[in-house]
Every structure is written in structure tokens, then in C-alpha cells.
Amino acid sequence: MSTKPAIAVAGLTRTYGSGDAQVHALRGVDFIATPGEFVALTGPSGSGKTTLLNCLLGLDRGDSGTIEVAGTAVDQLTYEQAVEWRRTKVAIVFQATGLIPHLTGEENVDMVLRIRAAMDRSERQSRVAEILDALGVGELSEHLPEEMSGGQRQRFAIARALVAEPTILVADEPTGELDSDTAQDVLGVLRSESERLGTTLLIATHDRLVATEADRVVTMRNGQIGGADPQ
Ligand SMILES: Nc1ncnc2c1ncn2[C@@H]1O[C@H](COP(=O)(O)OP(=O)(O)OP(=O)(O)O)[C@@H](O)[C@H]1O
Ligand SMILES: [Mg+2]
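So, a few notes on the structure that sits alongside this text. (Residues numbered from 1 in each chain as written. Chains lettered and ligands numbered in written order. Predicted model: local features only at pLDDT ≥ 70, side-chain atom pairs only at ≥ 80, totals over all residues. Heavy atoms only, no water.)

### Concerning unusual backbone geometry
Located in the positive-phi region is Glu165, a residue other than glycine, with phi close to 55°. Mapped onto the secondary structure, Glu165 falls in the loop between α5 (150-162) and β7 (168-172). The residue Asn222 is not glycine, and still its phi comes out positive at about 50°. Locating Asn222 in the fold gives a position in the loop between β9 (216-221) and β10 (224-225). (Helix = DSSP H or I, 4+ residues; strand = E, 2+ residues; numbered from the N terminus.)

Spelled out as C-alpha cells, the structure:
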């Protein structure tokens with residue numbers, strides 16, 4: 001069992017704009033998550049949570065600092081390498097679910113397995129059915145995203161993230177559109193499935209429930225972990 005961190009960020013800075021319009025979104029972030037850990041990233045609106053996640057996923061570039069995720073130096077990847085890395089290695093859940101509108105719920109989830117796993121059709125079908133049942137949306141598998149509620153779509157998005165048994169799952173406000181009972185259910189499954197798979201979970205959220213479920217809560221303020229409030 002490796003003791004290498006699952007996520008290691010050091011001295012990460014990100015500044016948007018220039019001159020008077022400059023925003024220091026990240027001001028030297030240092031952060032480590034160990035394999036299998038569930039970390040909730042909290043902090044006021046504008047404190048830099050989404051910026052940090054976007055940099056971790058190679059969707060945005062820091063100005064300085066280093067980022068390593070599951071052994072990959074994300075800050076060193078070219079744009080094309082980052083696209084391929086996200087497609088095959090990390091699981092991502094955003095508030096906007098990104099389900100493909102013309103595919104059914106089941107097809108949306110199955111697509112990930114077709115890309116990432118060497119499984120035949122019947123293996124894929126049973127794995128997809130298992131995860132959809134675990135998330136309580138098995139009965140909606142033939143529905144298109146537009147025929148689902150926001151909460152149901154979010155469960156499919158989480159099913160899609162978990163189905164290929166990822167090492168790392170990064171989520172930005174995954175319970176943002178859910179009522180508290182649904183959020184509780186979805187978090188319970190997210191937690192138990194990620195424990196079973198040894199997945200490291202990093203979830204940015206304003207939801208106190210997520211913070212209660214997490215192994216550790218990390219608070220961002222003004223572009224730093226544990227930083228001071230802006231003047
Ligand atoms: N593309 C951008 N261009 C300019 N400024 C940006 C951009 N994206 C974010 N910012 C600024 O960077 C700062 C951090 O924003 P970020 O979205 O990371 O905050 P957050 O902690 O995720 O907030 P929330 O809780 O509201 O989602 C904010 O001041 C924001 O206005
Ligand atoms: Mg945000």
C-alpha cells in the first residue's frame with residue numbers, strides 16, 4: 001500500500017485579469033489528501049474553491065505552484081494530455097450534470113465503461129444496473145435526462161462518476177440542487193461506494209451535510225486554505 005498522497009498541491013497561485021481588475025483567486029494553496037480520504041472543501045463564496053478544483057483537474061492553469069493527482073503532474077500536462085487524462089482517469093461531478101441529452105440515463109452511465117473499462121456488454125449492463133440501483137434510480141434507466149428531476153439527473157451524474165471505480169473523484173457542489181433527504185441519500189451512497197472502492201473524494205460545498213459526512217473539512221478563505229477574511 002503506497003503512502004504517496006492521492007492529491008498534492010504546493011504553492012498554487014492563480015490570478016485573473018490585470019491592473020485594477022486583478023483578482024487573486026488562489027494565493028499560495030498547499031493541500032494534501034491521502035488515498036481513500038473524503039475531504040470537504042468549504043469556505044465563503046468567492047474564496048477560490050472552484051478555481052482550485054479546476055486547476056486540480058487541468059481545466060484551468062495556475063500561475064505558479066505544483067499539482068499532483070494520483071501520481072500525475074497535472075500542471076505539466078499539455079491541453080490534449082489533460083483532456084485524455086480526465087477522460088480516462090478522474091471522475092468529475094459538477095452541479096450542471098453534463099449528461100448527454102439524447103442518451104438515456106443508462107446509456108450515459110454505460111458510455112463511461114465503454115471508454116474506460118475492458119468489459120463485454122453483459123458485464124457492463126450488470127455493473128450499470130448495480131450502481132443505478134445503489135443510487136435509487138434503476139427504474140429511470142430508460143429515461144432521457146429531460147424526463148428527470150434535477151435530483152434524479154444528479155444521481156445519474158454520480159453513477160456515471162463512480163461506475164468505472166475511479167481512484168479520485170472531484171465534485172463541485174454535487175448536492176446543490178438536491179433537497180436535504182435526497183442529498184443525505186446520495187451522499188450516503190457516494191461515501192459507501194467510495195469506501196468500498198478506496199476512492200479519494202474531494203467535494204467543494206456549502207452543504208453542512210457534506211462536511212458532516214467527510215473525514216476532514218478544509219476551509220478556504222480569500223484564496224488560501226485556512227486564510228484570513230479579505231480586508
Ligand atoms: N474566469 C474568471 N475571471 C475572473 N475572475 C474569476 C474567474 N473565475 C473566478 N473568478 C474570481 O475568482 C475568485 C474565486 O472564485 P471561485 O469561483 O473559485 O470561488 P468559489 O469559492 O468556488 O465560490 P462559490 O462558493 O460561490 O462557488 C472570485 O473572486 C471570482 O470572482
Ligand atoms: Mg464555486
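### Re the layout of surface pockets
Put simply, the largest pocket is a space of about 430 Å³. The wall of the largest pocket is formed by 18 residues, among which Arg86, Val90, Ile92, Arg116 and Arg160 lie closest to the centre. Those elements that place two or more of their residues in the lining of the largest pocket are α2 (79-88), β6 (90-93), α3 (105-116) and α5. Element by element, the count of residues in the lining of the largest pocket is highest for α3, at four residues. Class assignment of the residues belonging to the lining of the largest pocket gives a composition of 12 nonpolar, two polar and four charged. Its volume calculated, the second largest pocket comes out at about 160 Å³. If you trace the second largest pocket, you find 13 residues lining it, with Lys4, Ala6, Pro35, Thr167 and Thr200 closest to the centre. In the lining of the second largest pocket, the residues fall into six nonpolar, six polar and one charged. (1 Å grid on protein atoms, 1.4 Å probe; cavity = no way out; pocket = protein on both sides within 12 Å on 5 of 7 lines; lining within 4 Å. Points joined across faces, edges and corners; volume = space filled by probe spheres on them. Nonpolar A, V, L, I, M, F, W, Y, C, P; charged D, E, K, R; others polar.)

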